[in-house]
Amino acid sequence: YKKWQEIPIIATQQTIDPAIREAMISRRMTQSVEGLALSMEYFGTGVMPHCWGSVHTLSVPTLLMVGELDLKYRGIAESMIEQLVEGSVDQVVIPKVGHCAHLEGLEKATEHLREWLGITVCRI
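A few points on the structure. (Residues numbered from 1 in each chain as written. Predicted model: local features only at pLDDT ≥ 70, side-chain atom pairs only at ≥ 80, totals over all residues. Heavy atoms only, no water.)

A count of helices and strands for the protein gives 7 helices and 2 strands. Its helices and strands in sequence order give the protein the pattern α-α-α-α-β-α-β-α-α, from N to C terminus. Across its three principal directions, the C-alpha atoms of the protein cover 45 × 45 × 20 Å. By the burial criterion, 23% of the 124 residues in the protein qualify as buried. (Helix = DSSP H or I, 4+ residues; strand = E, 2+ residues; numbered from the N terminus. Buried < 20%, exposed > 50% of the residue type's maximum accessible area, 1.4 Å probe, protein only.)

As C-alpha cells, then:
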C-alpha cells in the first residue's frame, strides 16, 4: 500500500484533510485483491469505450474541475473544451492540488461548484 501512495498521481493526496483521508484509506484497505482486479478488468479506463467521437454532441452545461498539478487530466479537459459546444462548458483549475482535486482542495472545489450551480450559502 505504501508503494501505491508514492505514485505521483496519488502522492498529492497527502494534503487531504486527515479525517477524510483516514476514512478514504480505511475503505481502500477493506477491498479485496479479487475485487480490485475485477474492477480494473471491467471498469478501468483501459476497457472503457472510446467516446471522443461523441464529445461534441454533449450539449448540457458542463463543469470540468481539475487539479493544477494533474497535467494529464488538465490536458484532457482542454481537449474536451475544444470539442464541447461553446458556452456550455466551464473549466476550473484548483490551485496546488493534483488528481483528487475535489478532496485535496475541498474548500476551493466546494466554492467553485456552489458558484457554478448558483448556490448561495448564508453564513451566520
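This is not the end of the story, as more comes after the structure.
Our next topic: the side chain of Ser88. Its location among the elements puts Ser88 in the loop between helix H5 (71-83) and strand E2 (89-94). Leave out the neighbours within four places in its chain, and Ser88 touches Leu58, Ser59, Val60, Pro61 and Thr62. (Contact = heavy atoms within 4.5 Å.)

Quick look at unusual backbone geometry now. The phi dihedral of Lys96 is positive, around 65°, even though this residue is not glycine. Note on placement: Lys96 falls in the loop between E2 and helix H6 (101-104).

So, on to a nonpolar patch on the surface. Taken together, the side chains of Tyr1, Trp4, Ile7, Ile9 and Met29 define a hydrophobic patch exposed on the protein surface, amounting to about 480 Å² of accessible area. Checked against the element boundaries, Trp4 lands in helix H1 (residues 2-5). (Patch = residues over 30% accessible without salt bridge, like charges linked within 9 Å, V, L, I, M, F, W, Y side chains within 5 Å. Areas by Shrake-Rupley, 256 points an atom, 1.4 Å probe, with all protein chains shown as cover. Salt bridge = Lys/Arg side-chain N within 4 Å of Asp/Glu carboxyl O.)

The periodicity of an α-helix, 3.6 residues per turn, causes residues three or four places apart in sequence to face the same way. Helix length check: helix H3 (residues 18-29) (12 residues) gives 16 Å between terminal C-alpha atoms against 16 Å at 1.5 Å per residue, within 8%. Within the sequence span of H3, burial applies to Arg21, Met24 and Ile25. Buried residues in H3, looked at end-on, bunch into an arc of 95°, giving them a common side. Exposed and facing more than 90 degrees away from the buried side of H3 are Ala19, Glu22 and Arg27. Packed against the buried residues of H3 are H1 and H6. Two to three positions downstream of the cap, the backbone nitrogen of Ala19 sits 3.0 Å from a side-chain oxygen, assigning the N-cap of H3 to Asp17. (Expected span 1.5 Å × (residues − 1). Arc of directions from axis to C-beta. Polar contact = N/O pair within 3.5 Å; in protein donor to acceptor, adjacent residues only side chain to side chain.)

Okay, the nonpolar core next. Core analysis: the largest hydrophobic core is formed by 7 residues, namely Val55, Leu64, Val66, Ala77, Met80, Leu84 and Val89. Contributions of two or more residues to this core are made by strand E1 (62-67) and H5. Apart from residues lying up to four places away in sequence, Val55 is in contact with Met80, Gln83 and Leu84. Counting residues in each nonpolar core, the second largest holds 6 residues, with Val92, Ile94, Ala101 and Ala109 among its members. (Core = buried A, V, L, I, M, F, W, Y, C linked by side-chain atoms within 4.5 Å.)

Time to look at the pairing of E1. Taking burial as the measure, the 6 residues of E1 include 5 buried ones, the bulk of the element. Bridging between E1 and E2 involves 6 bridges; their strand directions are parallel. Bridge pairing in E2 places Leu64 opposite Gln91. The parallel pair E1 and E2, bridged by H5, forms a crossover whose chirality is right-handed. (Pairing = 2+ DSSP bridges. Right-handed = clockwise from strand over helix to strand, strands pointing away.)

Relative to the assigned elements, Ala101 resides in helix H6. Taking the C-alpha atoms as reference, Ala101 lies 18 Å from Leu117; in sequence the two are 16 residues apart.

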